[in-house]
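Here are the chains, one letter per residue:
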Amino acid sequence: MAARRRLKRVVASQPGFINLKSAPGAEGSASTRRKRLNKNKKKNWNKHIDIDDVDEFLEDVRHQQRTTGGLLSEKPDDSLFFLDVGQPKKAEQKEAEPAAGRTRKGRAQRPLRIDLILQHDSLVPAPKDVLAHQQPNAKKLRRIAQKAEQLAARGVVPRRQKLLLNRRTVTRTTRKSVTEANNNPDREYYDIWGQEAKDPADPWYLQQTGKKRVKRPEKLNEKPSVLPAVEVIAPGGSYNPDFLSHQALLKEAHEVEVKKQKAEDKIVRQLAVNKDDTATEETILREQVEGLVEEEEEEEEEDDEDEAAAPDEEEGAAVGAITLSVKKTERQRKKERADKVKEQRRQANRHRSDQRQQLFQLRSIKTSIKQQEQDTKDKQKIRKDNQEAEKAQPRRLGKLKFKAQDMEVQLSDELAGSLRQLKPEGSVLKDRLRSLSAGPQTSGAPHQMDSLHLKPQTHH
């Protein structure tokens with residue numbers, strides 16, 4: 001398209017080129033004719049009406065507002081004109097210009113172009129934010145405020161304010177864990193990037209900088225078990241122990257066996273049959289003939305007793321019927337009421353006398369209360385001791401009850417004199433497994449090879 005236009009321009013510039021279009025000033029041309037347009041229609045307003053003068057005027061107004069902050073016709077003369085008094089002297093010019101605005105050679109320091117671009121060159125004020133000045137429900141709040149002023153002028157207190165005045169003041173106790181800055185709003189805010197030195201022991205500084213340590217729970221300070229990690233066998237369990245240590249270990253094993261034997265004997269005694277309760281031949285014969293010989297005699301005696309008791313029962317039934325039908329007299333009722341009142345008075349007097357008697361028993365009552373408190377403390381101590389003792393006992397982890405391992409003790413004639421004659425017994429793996437799952441009740445002898453590190457060889 002551009003090449004075609006360029007070709008037309010070149011051809012039109014050649015001499016002898018005749019333009020077929022009529023000149024704008026020629027007579028009878030279409031441009032000189034007056035177009036008849038209907039200006040009362042909206043579609044012809046912007047199309048065929050010249051508004052350049054209006055646009056120029058409005059652009060001139062906008063330019064004045066950007067450069068001067070308003071129209072020049074409305075500005076005072078002092079802001080538009082100044083009095084020229086000539087060039088100032090050098091001394092006065094130096095005093096008038098600040099030292100910071102001049103370079104080392106005395107030239108005036110010019111602002112950078114990038115700073116000039118970033119400067120705000122328009123003096124038109126920012127448009128007013130209408131939404132910032134609007135308040136929701138402003139009319140309703142205005143009516144409420146006016147009504148409150150009218151009630152205050154008449155001395156009437158609103159119900160909401162009356163409830164606030166009648167409310168109790170609650171004394172709030174601050175917790176110890178709250179820092180001082182939360183309790184004291186007037187305290188200065190810490191600038192953690194400041195150059196001044198901070199007190200490292202201040203809790204507020206530690207909390208703001210994230211250096212405050214988390215409080216360790218008290219439960220973590222308690223040991224989960226009072227047992228050692230690895231149980232050490234007694235010195236008598238060594239492969240070549242001394243005489244006293246070996247005898248002490250034998251005594252301990254003997255006490256364990258005696259305790260087991262006593263438990264077995266107790267079970268046997270409980271299951272044993274008492275000889276006095278066993279049946280003899282005489283008792284067996286008596287049980288077999290029981291009720292066969294005296295059966296007829298007992299039947300005859302029962303018949304005689306029934307015949308003798310029959311008339312007595314008839315008379316008693318008749319007498320009972322008569323007594324039930326007889327009504328109480330007024331005298332009997334008064335007597336019953338009087339007896340009832342006397343019984344109530346007697347009970348009240350008894351209660352008062354008991355209360356008076358307790359005044360003389362204050363010393364014994366105090367003694368009994370102290371004794372009860374002491375008994376309670378003793379029970380609490382026993383309960384606490386039992387709880388501490390249970391920490392050293394194996395816990396129940398399943399349906400089966402834990403069975404302690406038997407003590408592996410060698411007798412005096414079974415002791416080996418050297419490592420070559422030593423025979424390993426037991427299993428280290430089983431001992432460690434029982435120690436992990438049970439605790440102190442696995443205090444049998446460890447494996448003999450394990451005990452080599454516990455006690456050195458003293459003699460051969």
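Higher on the page you've got the structure.
Everything in this summary refers to the structure shown in the same document. Keep in mind that what you see is a predicted model, and the values were worked out from it rather than measured.

1. Topic: the overall build of the protein chain
Looking only at helices and strands, the protein chain has 16 helices and zero strands in total. Taken across its 460 residues, the protein chain has 9% of its residues classed as buried. Long-range contacts, defined here as pairs at least 24 residues apart, represent 60% of the contacts in the protein chain between residues at least 6 apart. Accessible area for the protein chain stands at about 44100 Å²; split by element, carbon and sulfur atoms hold 53% of it.

2. A short note on the pattern of salt bridges
In this structure the tally under the stated criterion is nine salt bridges. Residue Arg 286 is joined to Glu 282 by a salt bridge in which the shortest nitrogen-to-oxygen separation is 3.1 Å. On the criterion of helical spacing, the pair formed by Arg 286 and Glu 282 is a turn pair, its members being four residues apart in helix 12 (residues 281-289). On the basis of relative accessibility, which here comes to 47%, the residue Arg 286 falls in the partly exposed class. Between Glu 336 and Lys 328 there is a salt bridge whose closest N-O contact spans 2.9 Å. Residue Glu 336 is classed as partly exposed on the basis of its relative accessible area of 42%. On the basis of relative accessible area, Lys 328 is assigned to the partly exposed category, the value being 47%. Here the salt bridges do not stand alone but share partners, grouping Glu 59, Arg 62 and Arg 66 into one network.

3. Quick word on a negative patch on the surface
Taken together, the side chains of Asp 50, Asp 52, Asp 53, Asp 55 and Glu 56 make up a negatively charged region of the molecular surface. Turning to its location among the elements, Asp 53 is positioned in helix 2 (residues 52-68). Residue classification places Asp 53 among the exposed residues on the basis of a relative accessible area of 52%.

4. Overview of helix 12
The buried fraction of helix 12 amounts to zero of the nine residues, a small share that puts the element mostly on the outside. Looking one or two residues past helix 12, Gly 291 carries a phi angle of roughly 90 degrees, positive in sign.

5. Topic: unusual backbone geometry
One non-glycine residue, Asn 137, lies in the positive phi region at around 60 degrees. Tracing the backbone through its elements, the reader meets Asn 137 in the loop between helix 6 (130-133) and helix 7 (138-154).

6. Focus: a nonpolar patch on the surface
The grouping of Trp 45, Ile 49, Ile 51, Val 54, Phe 57 and Leu 58 at the surface amounts to a nonpolar patch, some 540 Å² of accessible area in total. Mapped onto the elements of the fold, Ile 51 is located in the loop between helix 1 (2-12) and helix 2. Accessibility expressed as a relative area gives 38% for Ile 51, which makes it partly exposed.

7. So, a positive patch on the surface
On the surface, a cluster of positive charge is contributed by Lys 139, Lys 140, Arg 142 and Arg 143. Here Arg 142 is to be found in helix 7.

8. Description of the side chain of Ser 122
In this structure, Ser 122 sits in the loop between helix 5 (113-118) and helix 6. Engagement of the side chain of Ser 122 in a polar contact is seen with the backbone nitrogen of Val 124, the distance being 3.4 Å.

What counts and what doesn't
- Residues numbered from 1 in each chain as written.
- Predicted model: local features only at pLDDT ≥ 70, side-chain atom pairs only at ≥ 80, totals over all residues.
- Heavy atoms only, no water.
- Helix = DSSP H or I, 4+ residues; strand = E, 2+ residues; numbered from the N terminus.
- Buried < 20%, exposed > 50% of the residue type's maximum accessible area, 1.4 Å probe, protein only.
- Contact = heavy atoms within 4.5 Å.
- Areas by Shrake-Rupley, 256 points an atom, 1.4 Å probe, with all protein chains shown as cover.
- Salt bridge = Lys/Arg side-chain N within 4 Å of Asp/Glu carboxyl O.
- Patch = residues over 30% accessible without salt bridge, like charges linked within 9 Å, V, L, I, M, F, W, Y side chains within 5 Å.
- Lys, Arg positive; Asp, Glu negative; His and termini not counted.
- Charge placed at Lys NZ, Arg CZ, Asp CG, Glu CD.
- Polar contact = N/O pair within 3.5 Å; in protein donor to acceptor, adjacent residues only side chain to side chain.

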